[in-house]
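Inside the fold
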Amino acid sequence: MVEHHPLIALHPDIAPLAPLLGTWRGSGQGVYSTVEPFGYVEEIRFGHLGRPFLTYRQKTRATDDGRPLHSETGYLRCPRPDRVELILAHPTGITEICEGGLSLDDGRLSLELDSTDIGCSTTAKLVTTLGRSIRISGDTFDYTVRMAAVGEPLQQHLSATLHRV
């Protein structure tokens, strides 16, 4: 469960991440060399508990029939004003740690993340590399996800545009 306590002060270490707080909804497209392209709708929630991290919860559904596709849950940390760490668990048996740069330019927040560690259970699909690019401008959240999995090289997998609700 993602929590947001507006009466609790945001921890100063994550102040650069404040533009992410709240609920975002929108749609995206998925592609990969081993699957047919697909559309999805998505909701992402970022919250905080007054500690030095944001909480994160994501879920998607197929645009064609509304079936659940994917979900992720985790935390976003900001150990330095220009650095972020994303720690995620996927219900498919995968854990993901991505790290990278954070920049704030003219009110636009940008995160460039690359995986530093991926864990796979014995029954999970083999994912070897992940990368994420995230851009927040006002009430618009754009992202892309790159993935290397099942013997395929790193390539674009997901892209979406969400809006603050």
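With respect to the side chain of Ser-110
Note that Ser-110 resides in strand S7 (residues 108-120). With relative accessibility at 13%, the residue Ser-110 sits in the buried group. Sequence-distant contacts of Ser-110, that is, excluding residues within four places in its chain, are made with Gly-101, Leu-102, Ser-103, Ile-134 and Arg-135.

Overview of the pattern of salt bridges
Under the definition given, this model contains 12 salt bridges. Residue Asp-65 pairs with Arg-67 through a salt bridge whose shortest N-O separation is 2.8 Å. Residue Arg-67 is classed as partly exposed on the basis of its relative accessible area, which comes to 40%. Between Glu-85 and Arg-77 there is a salt bridge, with the nearest N and O atoms lying 2.8 Å from each other. Here the residues in one salt-bridge network are Arg-25, Glu-43 and Arg-45, joined through shared partners.

Description of the packing of aromatic side chains
The final tally for this structure, using the stated rule, is 6 aromatic pairs. For the ring pair Trp-24 and Phe-141, a centre distance of 5.3 Å and an interplane angle of 55° mean the geometry is tilted. Of the two residues, Trp-24 is situated in strand S1 (residues 22-32) and Phe-141 in strand S9 (residues 140-149); the sequence distance between them amounts to 117 residues. The pair Trp-24 / Phe-141 is uniform in exposure class, with both members buried. Site record: aromatic cluster; members linked through ring pairs are Trp-24, Phe-46, Tyr-56, Phe-141 and Tyr-143.

Notes on unusual backbone geometry
At Asp-106, a position not held by glycine, the phi torsion is positive, near 50°. Tracing the backbone through its elements, the reader meets Asp-106 in the loop between strand S6 (94-105) and S7. A positive phi angle, close to 45°, is found at Val-150, a residue other than glycine. As for its position among the elements, Val-150 is in the loop between S9 and strand S10 (155-164).

Regarding the sheet that holds S6
Note on sheets: strands pair through backbone hydrogen bonds, and any given pair is parallel or antiparallel. If you trace the 10 strands once around the closed barrel, you get S1-S2-S3-S4-S5-S6-S7-S8-S9-S10, paired in antiparallel fashion. Across the sheet, the mean angle from the axis of one strand to that of its neighbour is 20°, orientation sign disregarded. Alignment of strand S5 (residues 83-90) against S6, held across 8 bridges, turns out to be antiparallel. Bridge assignment links Leu-86 to a residue of S6, and that residue is Cys-98.

Overview of the pairing of S9
Summarising the sheet, strand S8 (residues 127-137) and S9 pair through 10 bridges and their orientation is antiparallel. Looking at the pairing, Val-127 lines up with Ala-149 of S9. Hairpin connection from S8 to S9: 2 residues lie between these consecutive antiparallel strands, with Gly-138 at a positive phi of about 60°.

The rules behind these values
- Residues numbered from 1 in each chain as written.
- Predicted model: local features only at pLDDT ≥ 70, side-chain atom pairs only at ≥ 80, totals over all residues.
- Heavy atoms only, no water.
- Helix = DSSP H or I, 4+ residues; strand = E, 2+ residues; numbered from the N terminus.
- Buried < 20%, exposed > 50% of the residue type's maximum accessible area, 1.4 Å probe, protein only.
- Contact = heavy atoms within 4.5 Å.
- Salt bridge = Lys/Arg side-chain N within 4 Å of Asp/Glu carboxyl O.
- Phe/Tyr/Trp six-rings, centres within 6.5 Å; stacked < 30°, edge-to-face > 60°.
- Pairing = 2+ DSSP bridges.
- Axes fitted to C-alpha atoms, helices over the stretch in contact; angles between N-to-C directions.

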